[in-house]
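What the coordinates show
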Amino acid sequence: MPRPQKHVFVCTQMRPPGHPRGCCAAHNGGAVFDEFLWHLQQRNLFNEIQVTATGCLGPCNQGPTVLVYPEGVMYARVNKEDVAKIIDEHLLKNQPVTALKMPSDFWE
Ligand code: FES
């Protein structure tokens, strides 16, 4: 198996309705994950890019969250329509999508 150049983690965490932290599953994290898989299949990119559905990445109120390695870039409030842009610009051209990045003050 070739070593992937990028590894994408998509939060699909579920929590019960009314949970104070909410969850990415309630904001279509699963659909975002499926959209990544669909694009990778259509473009035959499974050798270059690995996508993994994951549990909570931390900033639940910014979900669905997507984390890309090796850069460690996190995207916030990602929707299905954003996935092609992340693939085209970041995963294939190494240009992170600034407009979708987690607000920098979130981490301070
Ligand atoms: S539930 Fe997705 S970041 Fe916490």
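Attention in this report is confined to the structure presented alongside it. Note that the coordinates shown come from a computational prediction; the quantities given were computed from them, not determined experimentally.

With that settled, consider the overall build of the protein chain. Helices and strands together make up the secondary structure of the protein chain, namely two helices and four strands. Computed over the C-alpha atoms, the radius of gyration of the protein chain is 13 Å, within 12% of the 13 Å expected from 2.2 N^0.38 for a compact globule of 108 residues. In terms of its C-alpha atoms, the protein chain occupies a principal-axis envelope of roughly 40 × 30 × 25 Å. Expressed as a percentage of its 108 residues, the buried residues of the protein chain come to 37%. Across the protein chain, every contact between residues at least 6 apart in sequence was considered, and the portion connecting residues at least 24 apart equals 64%. With an accessible surface of roughly 6300 Å², the protein chain has 50% of that area assigned to carbon and sulfur atoms.

On to the packing of aromatic side chains, then. According to the stated counting rule, one finds one aromatic pair in the structure shown. Seen in terms of ring centroids, phenylalanine 9 and tyrosine 69 are 6.1 Å apart; in terms of plane orientation they differ by 80°. Their pairing is edge-to-face. Here phenylalanine 9, found in strand β1 (residues 6-11), pairs with tyrosine 69, found in strand β3 (residues 66-69); they are 60 residues apart in sequence, far enough to count as distant.

It is worth spelling out the environment of glutamate 81 at this point. Within the secondary structure, glutamate 81 sits in helix α2 (residues 80-91). Residues glutamate 81 and valine 32, 49 residues apart in the sequence, show an inter-C-alpha distance of 8.6 Å.

Now for unusual backbone geometry. At the junction of glycine 63 and proline 64, the peptide bond is cis and its omega measures out at 0° in the coordinates. By the secondary structure assignment, proline 64 is in the loop between β2 (49-54) and β3. The omega angle of the peptide bond from tyrosine 69 to proline 70 is 20°, so this bond is cis rather than trans. Here proline 70 is to be found in the loop between β3 and β4 (73-75). Despite not being glycine, asparagine 94 has its phi angle at roughly 60°, a positive value. Here asparagine 94 is to be found in the segment after α2.

Read across the sheet, four strands follow the order β2-β1-β3-β4 without closing on themselves; strand pairing throughout is mixed. The open sheet has two edge strands with one neighbour each: β2 and β4. The sheet shows a mean angle of 20° between the axes of neighbouring strands, taken without regard to direction. Alignment of β1 against β2, held across six bridges, turns out to be parallel. Along β2, the bridge assignment pairs valine 10 with alanine 53.

Take helix α1 (residues 29-43) next. A rise of 1.5 Å per residue sets the reference length of α1, with its 15 residues, at 21 Å; its end C-alpha atoms lie 21 Å apart and thus fit the reference within 8%. Gly29, Val32, Phe33, Glu35, Phe36, His39 and Leu40 are the residues of α1 that are buried. Here the buried residues of α1 occupy an arc of 160° about the axis, which is enough to place them on one side. Exposed and oriented more than 90 degrees from the buried face of α1 are Gln41 and Gln42. The elements touched by buried residues of α1 are β1, β2, β3 and α2. Count one or two residues on from α1 and you reach asparagine 44, which has phi positive near 55°.

The rules we used
- Residues numbered from 1 in each chain as written.
- Predicted model: local features only at pLDDT ≥ 70, side-chain atom pairs only at ≥ 80, totals over all residues.
- Heavy atoms only, no water.
- Helix = DSSP H or I, 4+ residues; strand = E, 2+ residues; numbered from the N terminus.
- Rg over C-alpha atoms; globule rule 2.2 N^0.38 Å.
- Buried < 20%, exposed > 50% of the residue type's maximum accessible area, 1.4 Å probe, protein only.
- Contact = heavy atoms within 4.5 Å.
- Areas by Shrake-Rupley, 256 points an atom, 1.4 Å probe, with all protein chains shown as cover.
- Phe/Tyr/Trp six-rings, centres within 6.5 Å; stacked < 30°, edge-to-face > 60°.
- Pairing = 2+ DSSP bridges.
- Axes fitted to C-alpha atoms, helices over the stretch in contact; angles between N-to-C directions.
- Expected span 1.5 Å × (residues − 1).
- Arc of directions from axis to C-beta.

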